[in-house]
Amino acid sequence: MRTVGVILISLLPFAAGLIYRKQLQQRADILKRFTKLILFIKEEIRYSSRELDEIFSLALRRPTFAINFFEELFSYCRTGETISKIENKSNDIRLKSHEIEMISEFFSRLGSNDSEGQLAYCDYYYQYFSQLAGEAEKIIKLASNMEN
């Protein structure tokens, strides 16, 4: 019985490491998907005259964005609730509070400018979130190197 206990205790750090790595991968995935969402919104602004609700509905039909995180995000945007509520639910994907604030800021000012301004606005946030996604990928690679 002791042997089983010792084995289980020795496996705990390994299991915790696997869970943490999965969370880091989910964070990187969400950030990459969010950059794709920004590009999608930018293209819809550039080539169509759709309202934001319609753009969100179109986005949710795509497999890339048809996940709970984006469904909740669009729901908050439609109802005008603060996106900061999503912070409690995003704990499992390790989004940081400043990232959630930037997502909230992106959606709060979206549609408040002319189309040229909106395209520049999307470019700015695309660059910002692309950088975050790249940093998240580097962290995953560092974690993988530490395991080896």
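Counting from 1, residues in each chain are numbered in the order their sequence is written. Per-residue local features are limited, in this predicted model, to residues with pLDDT of at least 70; the limit for side-chain atom pairs, both in listing and counting, is 80 or more; totals at the level of whole chains, interfaces and linings are taken over all residues. Hydrogens and waters are ignored; side-chain quantities use all the structure's heavy atoms.

Participant: How should I be thinking about the packing of aromatic side chains in this particular structure?
Facilitator: Aromatic rings in a pair are described by how distant their centres are and how their planes are angled relative to each other. A pair of Phe, Tyr and Trp rings is counted when the ring centres sit within 6.5 Å of each other, with Trp represented by its six-membered ring. The angle between the planes then sorts it: under 30 degrees is stacked, over 60 is edge-to-face, the rest tilted. Following the criterion strictly, the structure yields 16 aromatic pairs and no others. Summarising the aromatic geometry, the rings of Phe34 and Phe129 are spaced 4.7 Å apart at their centres and angled 65° between planes, so their arrangement reads as edge-to-face. Placement of Phe34 in helix H1 (residues 2-47) and of Phe129 in helix H6 (residues 115-147) is noted, with a sequence separation of 95 residues between them. Take Phe34 and Phe129: they sit in the same class, and that class is buried. Numbering of helices and strands runs from the N terminus; a helix is a DSSP stretch of H or I covering at least four residues, while a strand is a stretch of E covering at least two. Residue exposure (1.4 Å probe, protein chains only): buried if accessible area is under 20% of the type maximum, exposed if over 50%, otherwise partly exposed.

Participant: Help me understand the pattern of salt bridges in this model?
Facilitator: Side-chain pairs of opposite charge can arise where the charged atoms are in close proximity. Salt bridges are identified by distance alone: a Lys or Arg side-chain nitrogen within 4 Å of an Asp or Glu carboxyl oxygen. Throughout the structure, instances matching the rule amount to eight salt bridges. Residues Glu105 and Arg109 are paired through a salt bridge, measuring 3.5 Å at the closest nitrogen-oxygen approach. Of this pair, Glu105 and Arg109 both sit in helix H5 (residues 97-109), four residues apart, which is roughly one turn of the helix. Taken together, the shared-partner salt bridges in this structure form one network comprising Glu44, Arg50 and Glu54.

Participant: What exactly am I supposed to notice about a nonpolar patch on the surface here?
Facilitator: By definition, no residue in a patch forms a salt bridge, and every one has over 30% relative accessible area; like charges are joined within 9 Å, nonpolar side chains (Val, Leu, Ile, Met, Phe, Trp, Tyr) within 5 Å. Per-residue and other accessible areas were derived by the Shrake-Rupley procedure at a 1.4 Å probe size, with only the shown protein chains allowed to occlude residues. A surface patch of nonpolar side chains, about 390 Å² in accessible area, is lined by Ile7, Leu11, Phe14 and Leu18. By the element assignment, Ile7 lies in helix H1. Overall, Ile7 belongs to the partly exposed group, its relative accessible area being 44%.

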